[in-house]
Structures are given as C-alpha cells and as structure tokens.
Amino acid sequence: MRCVSLFLLLFPVAAAAQDAEHGRLLYQTYCGGCHYERVHDRLRSEVKDLSDLRDMVARWAPQTKRSFTLDEREDIAQYLNESHYRFGLPPKRKP
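Residues numbered from 1 in each chain as written. Predicted model: local features only at pLDDT ≥ 70, side-chain atom pairs only at ≥ 80, totals over all residues. Heavy atoms only, no water.

Visitor: I keep staring at the side chain of Ser45 and nothing clicks. Help me out?
Guide: Looking at the secondary structure, you find Ser45 in the loop between helix H1 (2-31) and helix H2 (50-60). A distance of 3.0 Å separates the side chain of Ser45 from the backbone nitrogen of Val47, its partner in a polar contact. (Helix = DSSP H or I, 4+ residues; strand = E, 2+ residues; numbered from the N terminus. Polar contact = N/O pair within 3.5 Å; in protein donor to acceptor, adjacent residues only side chain to side chain.)

Okay, here's the thing in structure tokens:
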C-alpha cells in the first residue's frame, strides 16, 4: 500500500516533467525560428507572473502558423517557466 501511495504522490511530478519536455520540443520546433531563448531573460519583460506567461504564449502562438491545443500551449508555458521565469519555483542552481 505504501508503494502505491508513494507512486500516486510522485506521478504528478513525472507527468509535469514530461509536459515541460514536450513544451521544450514544441518551442524549439515552432517558436525558435523567430527568436532565440535569451529574449525571455530580458530585465524589462511584460511577463510578471505565470498568468502573464500563459497569456503571452497564447498571444504569440498564432504567429507560428500552427494551431496549438490548450494543452500544448500549457506545455510551452510550463517549459518556459521552468527554464527561464521560475514563477513559484526555487531559483535555478548555478553549475
């Protein structure tokens, strides 16, 4: 029973990691052609929280000429948050 409980606790973390990885692949494939990732490291950003980030992804998604699902846009936002913005996450460790 403990193993099942532990699995159920850890499963959302594994699923979230997969979603961010899927978001990375979508971002690199469809978004990276117009700009590079350093654009997200700007000090003067309109993105102030996770809601802004989701809105920005939704606003720019049509520029790719691909119709993203809501889940795909969320995956991209999750990837960008984990890799750049870190809203609600601890700071990234420096190598």
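That shown, we press on.
Visitor: Got a minute to help me understand the environment of Gly88 in this structure?
Guide: Its place among the elements puts Gly88 in the segment after helix H3 (70-85). Spatially, the C-alpha atoms of Gly88 and Asp49 are 8.8 Å apart, while their sequence positions differ by 39 residues.

Visitor: Looking at this structure, how should I read the pattern of salt bridges?
Guide: Two side chains bearing opposite charge may form a pair once their charged atoms approach each other closely. For the structure on display, the rule yields four salt bridges. For Glu21, the salt bridge goes to Arg24, with nearest N and O atoms at 2.5 Å. Note that Glu21 and Arg24 are positioned in helix H1 at a spacing of three residues, about one turn of the helix. The exposure class assigned to Glu21 is partly exposed, which follows from its relative accessible area of 37%. Note on Arg24: relative accessible area 25%, which makes it partly exposed. Between Arg59 and Glu46 there is a salt bridge, with the nearest N and O atoms lying 3.7 Å from each other. Taken together, the residues Arg59 in helix H2 and Glu46 in the loop between H1 and H2 connect sequence positions 13 residues apart. (Salt bridge = Lys/Arg side-chain N within 4 Å of Asp/Glu carboxyl O. Buried < 20%, exposed > 50% of the residue type's maximum accessible area, 1.4 Å probe, protein only.)

Visitor: How should I be thinking about H2 in this particular structure?
Guide: Spacing of three or four residues puts side chains on the same side of an α-helix, whose turn is 3.6 residues. Taken together, the buried positions of H2 are occupied by Leu53, Met56 and Val57. Looking down the long axis of H2, one finds its buried residues gathered within 100° of arc, a one-sided arrangement. Lining the buried residues of H2 we find H3. (Arc of directions from axis to C-beta. Contact = heavy atoms within 4.5 Å.)

Visitor: Would you explain the state of the cysteines in this entry?
Guide: Working definition of a disulfide: a covalent bond connecting the sulfur atoms of two cysteines. What the rule picks out here adds up to zero disulfides. Note on Cys31: no disulfide assigned, nearest cysteine sulfur contributed by Cys34 at a separation of 8.2 Å. Cys34 sits in the exposed class, given a relative accessible area of 68%. (Disulfide = S-S within 2.5 Å.)

Visitor: Sorry, what's going on with the nonpolar core here?
Guide: Residues Tyr27, Leu53, Val57, Ile76 and Leu80 are the most contacted members of the largest nonpolar core, which totals 14 residues. Per-element tally for this core: the top contributor is H3, with five residues. When near neighbours in sequence (up to four residues on either side) are disregarded, Leu80 contacts Tyr27, His40, Leu53, Val57 and Tyr85. (Core = buried A, V, L, I, M, F, W, Y, C linked by side-chain atoms within 4.5 Å.)

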